[in-house]
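The primary structure of each chain is shown beneath.
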Amino acid sequence: MKKVISILLVAAMTASMMAGCGKKADTPADTPDTAPAGQETGEAPEAAGGTLKVAAIETAYGSDMWKEVCEAFTAETGIAVELITDKNLEDVIGSAMKAGDFPDVIHLATGREDALTETFIKDQNLVELTDVLSMTVPGEDNKVSDKIAGGFTETALTNPYGDGKTYLAPMFYSPCGLFYNAGLFEEKGWTVPTTWDEMWELGDKAKAEGISLFTYPTTGYFDAFFYALMYSVGGADFFNKATNYEEGIWDTEEAKMCFDIVAKLASYTEPTTPAQANDQDFTKNQQLVLDNKALFMPNGTWIVGEMAEAPREEGFAWGMTALPAVEAGGDGYSYTWFEQAWIPSGAVNQDAAKQFIAFLYSDTACEIFAKAGAIQPVLNIADKLEGDNKLFYAIYDNGAKAAMGNFAAFTPIEGLDNRTVWFDPVNSLVSGTMTEDDWIAGIKDASDQMRANLIQ
């Protein structure tokens, strides 16, 4: 499982890949649930345009949560719902859509092998959802925009055309960040840095006590780190240009700042890290934090379970923070991946479909999803969680913004991929066998080739 997680991080995977965390599904993959939610007794009324059709990918979270949410929506609005769930949702709804029979709402993230969602995006066959953000959540007084955490509707994963309009609704998410021993900080009276200047000051304090500022499991974990860093330095605009390899982007002030921060952080990294930064020994680097030999490491919420049986210093307690801001008052970012829900332009009941999507952010729906382990990107969701998850998912309630997205795909180039170009060289930066300028030169050369081979 540890190797699988590491590989997933290296690929900078999107939300749909992470949907496997949670409850095991009860419904067989080849038996889609087509029973209208709430219609067992025949009492649920239909929408004006007919029963609302909802199609949702069945993941390890299971299908029961979708049944409960659909029933709750019907109870709140009086709109009947026909629910389809399946592990291979594309196969179930694909042929019907080719014949012109579309679900009204589809929950299916980008990044899946069949790329069905990407096809609808590319063909511009999605209903705009910008107005949903200003809708009142059914059964509540809050607007949808007041409930969704900051940054989730400001990314190419929800606004794919760069026109400021939202076409995909953000769904279940998992945050990443810098993990540390909160017990050690309390013992030392140290404050978690909110800027990189504060980070370097803390690094000097820790070094005086024989503790390194930083470590990392493998260089693959720098994907989430680097994406969040790009957001904190230049915002979504810089991130989108950089991840699409825009010509000259690596010569900008923002890019130079990113490179300088990583290079300086390498000088504060625990020296044994590179030798252990592989799929066999990466837990030894994670152990450095538990043993108070390093303060911070980039990781995801699964780290708690992964190191559950590992020994640790007395008083150890997990802490998690976003990447520091570039300057005081600036934004700190935590990378996250998430899934999406959307309305195909061929949907018959588009108004009811928008009500349904708005309802997905209701307290009622969020609580149902959370019971299955699927966490919605809404503010104060942590108040409804327990244990370490309560801490981790509060990261966006405590001022951090969400960084989302990844490098654009390009046709295969022999010997080149994002990890080997951007992230693997960190090992050499730490060991001193590569200079920052050499690293930057390699990125520029590779970026030119990737831009020339972008998949349009």
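Provided above is the structure to which this section pertains.
Q: Where do I start with the nonpolar core in this structure?
A: As a rule of thumb, nonpolar side chains are buried together in soluble globular proteins. Core analysis: the biggest nonpolar cluster contains 69 residues, and Leu 52, Met 65, Trp 66, Phe 152, Trp 318, Phe 356 and Phe 369 have the highest contact counts within it. Those residues in contact with Trp 318 that lie beyond four places of it in its chain are Phe 179, Tyr 180, Ala 182, Leu 290, Met 297, Ile 303, Val 304, Met 307, Arg 312, Asp 388, Leu 391 and Phe 392. Cys 176, Leu 202, Tyr 227 and Ile 261 belong to the second largest nonpolar core, which has 66 residues in total.

Q: Explain helix α15 (residues 363–371) to me, please; I cannot follow it from the model alone.
A: Quick reminder: α-helices carry 3.6 residues per turn. Residues three or four places apart thus point the same way. Turning to α15, its buried residues number three or more, namely Ala 365, Cys 366, Ile 368 and Phe 369. For α15, the angular spread of buried residues about the axis comes to 160 degrees, placing them on one side. Backbone geometry just after α15 places Gly 373 at a positive phi near 95 degrees.

Q: Would you take a moment to explain the pattern of salt bridges for this structure?
A: Scanning all chains against the criterion turns up 17 salt bridges. Note that Asp 260 is salt-bridged to Lys 256, the shortest N-O span being 3.2 Å. One end of the pair, Asp 260, and the other, Lys 256, are both in helix α10 (residues 253–267), four residues apart, so they sit about a helical turn from each other. Judged by relative accessible area, Asp 260 falls into the partly exposed class, the value being 32%. Via salt bridges that share partners, Glu 140, Lys 147, Asp 363 and Lys 384 belong to a single interconnected network.

Q: Mind showing me how you'd approach the packing of aromatic side chains here?
A: The description of two aromatic rings rests on the distance between their centres and on the angle between their planes. The tally for this structure, following the rule as stated, stands at 45 aromatic pairs. Geometrically, the ring pair formed by Tyr 173 and Tyr 393 is edge-to-face, given 5.1 Å between the ring centres and 85 degrees between the ring planes. Pair noted here: Tyr 173 is in strand β5 (residues 169–181) and Tyr 393 is in the loop between α16 (387–392) and β10 (401–403), with a separation of 220 residues, a long-range link. As far as the burial class goes, Tyr 173 and Tyr 393 line up, both buried.

Q: When you look at the side chain of Glu 140 in this model, what are you seeing that I'm missing?
A: Residue placement: Glu 140 occurs in the loop between α5 (116–122) and α6 (144–147). Here Asp 363 takes part through its backbone nitrogen, which lies 2.6 Å from a polar atom of the side chain of Glu 140. When neighbours within four sequence positions are excluded, Glu 140 is seen to be in contact with Lys 147, Ser 362, Asp 363 and Thr 364.

Q: I would appreciate a short explanation of the pairing of strand β9 (residues 333–342) in the present structure.
A: Note on strand geometry: in a regular strand, side chains alternate between the two faces of the sheet. Across the 10 residues that make up β9, a large majority, 10, are buried. Where strand β4 (residues 105–107) meets β9, two bridges bridge the pair, whose relative direction is antiparallel. Across the sheet, the residue bridging to Ile 106 is Trp 342, located in β9. Both β5 and β9 contribute to a ladder of five bridges, which runs antiparallel. By the bridge assignment for β9, Ala 169 is matched with Ala 341. Alignment of β9 against β10, held across three bridges, turns out to be parallel. Bridging across to β10, Tyr 333 finds its partner in Lys 401.

Q: I tried to follow the environment of Gly 220 on my own but got confused; where do I start?
A: Looking at the element boundaries, Gly 220 is found in the loop between β6 (212–214) and α9 (222–243). Note on Gly 220: relative accessible area 0%, which makes it buried. Note: C-alpha distance between Gly 220 and Thr 420 (200 residues apart in sequence) is 9.2 Å.

Q: I would appreciate a short explanation of unusual backbone geometry in the present structure.
A: In most cases, non-glycine residues show a negative phi, while peptide bonds are predominantly trans. With phi around 60 degrees, Tyr 245 is a residue other than glycine that occupies positive phi space. By the secondary structure assignment, Tyr 245 is in the loop between α9 and α10. Tyr 245 sits in the buried class, given a relative accessible area of 0%. With phi around 65 degrees, Asn 380 is a residue other than glycine that occupies positive phi space. By the secondary structure assignment, Asn 380 is in the loop between α15 and α16.

Q: Before we go on, may I ask you to explain the pairing of strand β2 (residues 52–57) in this structure?
A: Along β2, five of the six residues are buried, which leaves the element largely enclosed by surrounding structure. For β2 and strand β3 (residues 81–86), the ladder comprises six bridges, and the chain directions are parallel. For Ala 55, the partnering residue across the bridge sits in β3 and is Ile 84. Where β2 meets β4, three bridges bridge the pair, whose relative direction is parallel. Looking at β4, one finds that Ala 56 is bridged to His 107.

Scoring rules and cut-offs
Numbering of residues starts from 1 in each chain and follows the order in which that chain's sequence is written. Only residues with pLDDT of 70 or above have their local features reported here, since the model is predicted, and side-chain atom pairs are shown and tallied only from 80 upward, although totals for entire chains, interfaces and linings are computed over all residues. The basis for the side-chain values is all heavy atoms of the structure; hydrogens and waters are excluded. The term nonpolar core refers to a set of buried residues drawn from Ala, Val, Leu, Ile, Met, Phe, Trp, Tyr and Cys, joined through side-chain atoms within 4.5 Å. Burial status follows relative accessibility: with a 1.4 Å probe on protein chains alone, a residue under 20% of its type maximum counts as buried, one over 50% as exposed, and anything between as partly exposed. Contacts between residues were defined by any pair of non-hydrogen atoms, one from each residue, lying within 4.5 Å. The helix count covers DSSP runs of H or I at least four residues long, the strand count covers runs of E at least two residues long, and both are numbered beginning at the N terminus. Directions pointing from the helix axis toward each C-beta atom define the arc. Whenever Lys or Arg places a side-chain nitrogen within 4 Å of a carboxyl oxygen from Asp or Glu, that contact is recorded as a salt bridge. Working definition: rings of Phe, Tyr and Trp (its six-membered ring) pair if their centres are within 6.5 Å, and the pair is stacked with planes under 30 degrees apart, edge-to-face with planes over 60 apart, and tilted otherwise. Counted as a polar contact is a pair of N or O atoms within 3.5 Å, where, for protein atoms, one must be capable of donating a hydrogen and the other of accepting one, and residues adjacent in sequence contribute only when both atoms are in side chains. Think of it this way: DSSP has to see at least two bridges between two strands before they count as a pair.

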